[in-house]
Amino acid sequence: MNIILFAFTVISSIYLTTAGDPDTFPKHVHISLNNDPQSMVISWTIFAPLSANVAAFVNFGKTFDTLTQKQQATYSSFKTKKTKRYIFKAVLTNLEYDTRYFYSVGSTEGISQVFSFKTFPSGSDYPVKICIFGDLGVVNGVSLSPLIAAGQRGDFDMIIHLGDLAYDLRTDDGDVGDTFMESLQPLIATKPYMVIAGNHEFEKDQISFENYESRFFMPEDGDGHNQYYSVQVSSIQFLGISSELYAYFTHFGTEPVEDQHKFLEKKMQSVDRSVHPWVIAYHHRPIYCSGKKSDDCSDFESGVLKDGFIGMPGLEKFYYDNSVDMVFTGHQHNYERYFPVYDRKVFKSSPNPYHNAKATTYVISGNAGCHSSGAAFGKISPFSAIQSQDYGYSILHVINKTTLYMEQISSDPKASASPVIDSLTLTKDPGFNFGSAEVNENDYTYYPKTNFEVPPMITNSCYSRDLRCRQMLSGDKSKVTFKKYFVGDEQENEQNGSDL
Ligand SMILES: [Fe+2]
């Protein structure tokens, strides 16, 4: 770089970060997918309102210095105790497939640096690499720098964060959430960042998920408030599912889980498996785990998520009936990969149980790094294939419509030279779906359930609380009033009344 260009770069970057009111300078820039493959959702935050009649835009184009296209943004706001945040959203549409776009966001009162992203190819049979992890915080966020470096190297094309973000988005009046979003910006402004809620997104004082709901914009085909949704990438039909609507049913009632289930059933009726042969679900809490100290698993399973509870349908039968190939979860701060398993029947006896697998393969990838990382394993589940306490993240590589390849990458400072601590190839013949495959007794080993007590997920969240819990558990919901779990209606009203 010559001296004049270097000086210009330094001066322009100083200008970009200091000009105008710093509170109207765009921060937390990130992108996400929606249900239109030729679209990208772009979002950012400012900390003071724009002046009257000042509009916010995304300026974009196919080269760094031709950002000639404009897309106006809408905004919503939310206020923590002391801080009001203005969250902008712009949806770029009619984008060309397999094309890099450059963009900046903001207004005449503050404009961001130029970022870029690449759209996916057309169709449903292109290779893609997806980074998947859960439980990443600001404090002890061990994988944060490795993830940014890996993203910049091109090790993956998009990200799925399996809940428990920042620890917590709401902490210190939302400052921790702000720091988290700022730290991740180099990555999530350039790769689609898909999220799902974990228990740390639940705000006990508000009985809501307000920070989580307000800061992100997931596809709106589900509840429209980021709890559950679907998205298609290459030959995968993803299902983003809320385990937290189960966990906090004492506040919100059983209806949100029932609604989620209806959405999932309906969605799967519309999935053409010749186009999207792979169906992969993700949620925060696991259905199977071997964690030593776990609120959720006893007898190696979370009975609530697996089989349901007082009117809330479980997920496992849905996964089996609909041939859901893989389920990724976090919450347990470790890594654990399972053999195909359904209803405590584990399919591990064949030479390759992952070819034409007879049941769902579960992966816990919950140790990206947070203040309480490295959860110890207790007695190892008979369904579990491999376990690790290394910090790390998963990369799922869609090879084609019949082959998936997954690696678990250690980001642990104590790790050996090779960062790949586990790998898995999942294959299936065209048209194979285990939900309709023949199964005989020699195919599996059955480990019957031995603990029939009310699951700890319920006893921990419910028995210690109040009369309302006991009324629900006794089946008498008539006297119990519930809160809605989302806050979005108020935001929409404010947005409609904005100057934009
Ligand atoms: Fe969690």
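Residues numbered from 1 in each chain as written. Predicted model: local features only at pLDDT ≥ 70, side-chain atom pairs only at ≥ 80, totals over all residues. Heavy atoms only, no water.

1. Some remarks on unusual backbone geometry
Right, on to step 1. A cis amide bond, omega -5°, links Tyr 167 with the succeeding residue Asp 168.
Right, on to step 2. You can see Asp 168 is positioned in the loop between β13 (165-166) and α3 (175-188).
Right, on to step 3. One non-glycine residue, Phe 300, adopts positive backbone phi at about 70°.
Right, on to step 4. Looking at the element boundaries, Phe 300 is found in the loop between β17 (278-282) and α8 (303-307).
Right, on to step 5. You will see that His 331, though not glycine, has its phi angle at about 75°, which is positive.
Right, on to step 6. Turning to its location among the elements, His 331 is positioned in the loop between β20 (326-329) and β21 (335-338).
Right, on to step 7. Assessed through its relative accessible area of 16%, His 331 is described here as buried. (Helix = DSSP H or I, 4+ residues; strand = E, 2+ residues; numbered from the N terminus. Buried < 20%, exposed > 50% of the residue type's maximum accessible area, 1.4 Å probe, protein only.)

2. Observations concerning the nonpolar core
Right, on to step 1. Of all hydrophobic cores here, the largest spans 130 residues; its most connected members are Trp 44, Tyr 103, Tyr 319, Met 326 and Phe 328.
Right, on to step 2. Sorting elements by how many residues they give to this core places α3 first, with six residues.
Right, on to step 3. The residues that make up this core include at least three from each of domain 1 (21-118) and domain 2 (128-429).
Right, on to step 4. The contact partners of Tyr 319, leaving out residues within four places of it in the chain, are Ile 241, Ala 281, His 283, Ile 287, Val 324, Val 327, Thr 360, Tyr 362 and Phe 434.
Right, on to step 5. Formed by six residues, the second largest nonpolar core is a distinct cluster that contains Tyr 320, Tyr 342, Phe 347 and Ala 359. (Core = buried A, V, L, I, M, F, W, Y, C linked by side-chain atoms within 4.5 Å. Domains from an automatic or database assignment. Contact = heavy atoms within 4.5 Å.)

3. Quick look at the pairing of β17
Right, on to step 1. Within β17, five of the five residues are buried, which leaves it mostly tucked inside the rest of the structure.
Right, on to step 2. Burial of β17 is two-sided: the residues Trp 278, Ile 280 and Tyr 282 facing one way and the residues Val 279 and Ala 281 facing the other way are all buried.
Right, on to step 3. Pairing analysis gives five bridges linking strand β16 (residues 236-240) to β17, with the strands arranged parallel. Of the residues in β17, the one forming a bridge with Gln 237 is Val 279.
Right, on to step 4. Sheet topology note: the β17/β20 ladder contains three bridges and is parallel. Across the sheet, residue Ile 280 finds its bridge partner in β20, namely Met 326. (Pairing = 2+ DSSP bridges.)

4. Comments concerning the domain arrangement of the protein
Right, on to step 1. Domain annotation of the protein identifies domain 1 (21-118) and domain 2 (128-429).
Right, on to step 2. Overall, the association of domain 1 and domain 2 removes approximately 2300 Å² of surface from exposure, summing both partners, and the carbon and sulfur fraction of that is 55%.
Right, on to step 3. Summed over the three residues of domain 1 that lose the most area to domain 2, namely His 28, Leu 33 and Phe 78, the buried surface amounts to 27% of that side.
Right, on to step 4. Arg 85 is the salt-bridge partner of Asp 178, the closest N and O atoms lying 2.9 Å from each other.
Right, on to step 5. Our count for the contact surface shared by domain 1 and domain 2 stands at 17 residue pairs in polar contact (both at pLDDT 80 or more).
Right, on to step 6. Within the residue set of the side of domain 1 that touches domain 2, elements represented by two or more residues are β1 (27-32), β2 (40-46), β5 (74-79), β6 (84-92) and β9 (115-118).
Right, on to step 7. Ranked by residue count, the leading element in the side of domain 1 that touches domain 2 is β1, at six residues.
Right, on to step 8. A breakdown of the residues in the side of domain 1 that touches domain 2 according to their chemical character gives twelve nonpolar, ten polar and five charged. (Buried area = accessible area lost by both parts, 1.4 Å probe. Salt bridge = Lys/Arg side-chain N within 4 Å of Asp/Glu carboxyl O. Polar contact = N/O pair within 3.5 Å; in protein donor to acceptor, adjacent residues only side chain to side chain. Nonpolar A, V, L, I, M, F, W, Y, C, P; charged D, E, K, R; others polar.)

5. Structural notes on the pattern of salt bridges
Right, on to step 1. Inspection of every chain in the model, using the stated rule, returns 22 salt bridges.
Right, on to step 2. Across the salt bridge formed by Lys 358 and Asp 443, the nearest N and O atoms sit 3.4 Å from each other. Residue Lys 358 is found in the loop between β23 (345-346) and β24 (361-365), and its partner Asp 443 is found in the loop between β28 (420-427) and β29 (445-446); the two are separated by 85 residues along the sequence.
Right, on to step 3. Among the ionic contacts, a cluster of salt bridges with common partners joins Asp 299, Glu 301, Lys 306, Asp 307, Glu 316, Asp 343, Arg 344 and Lys 449.

6. Some details on the pairing of strand β27 (residues 403-410)
Right, on to step 1. Most of β27 is tucked away, with six of its eight residues classed as buried.
Right, on to step 2. With eight bridges joining them, strand β26 (residues 392-400) and β27 adopt antiparallel strand pairing. Within β27, the residue paired with Ser 394 across the bridge is Gln 408.
Right, on to step 3. Between β26 and β27, which pair antiparallel one after the other, the connecting turn spans two residues.
Right, on to step 4. Where β27 and β28 come together, seven bridges link them in antiparallel fashion. If you follow Met 406 over to β28, its bridge partner there is Leu 424.

7. Details of the sheet that holds strand β22 (residues 341-342)
Right, on to step 1. An order of β22-β23-β29 is seen for the three strands of this open sheet, with the pairing classed as antiparallel. Bordering the open sheet on either side are β22 and β29, each of which pairs with just one other strand.
Right, on to step 2. Relative to β23, β22 is paired through two bridges, and the arrangement is antiparallel. Pairing of Val 341 across the sheet is with Val 346, part of β23.

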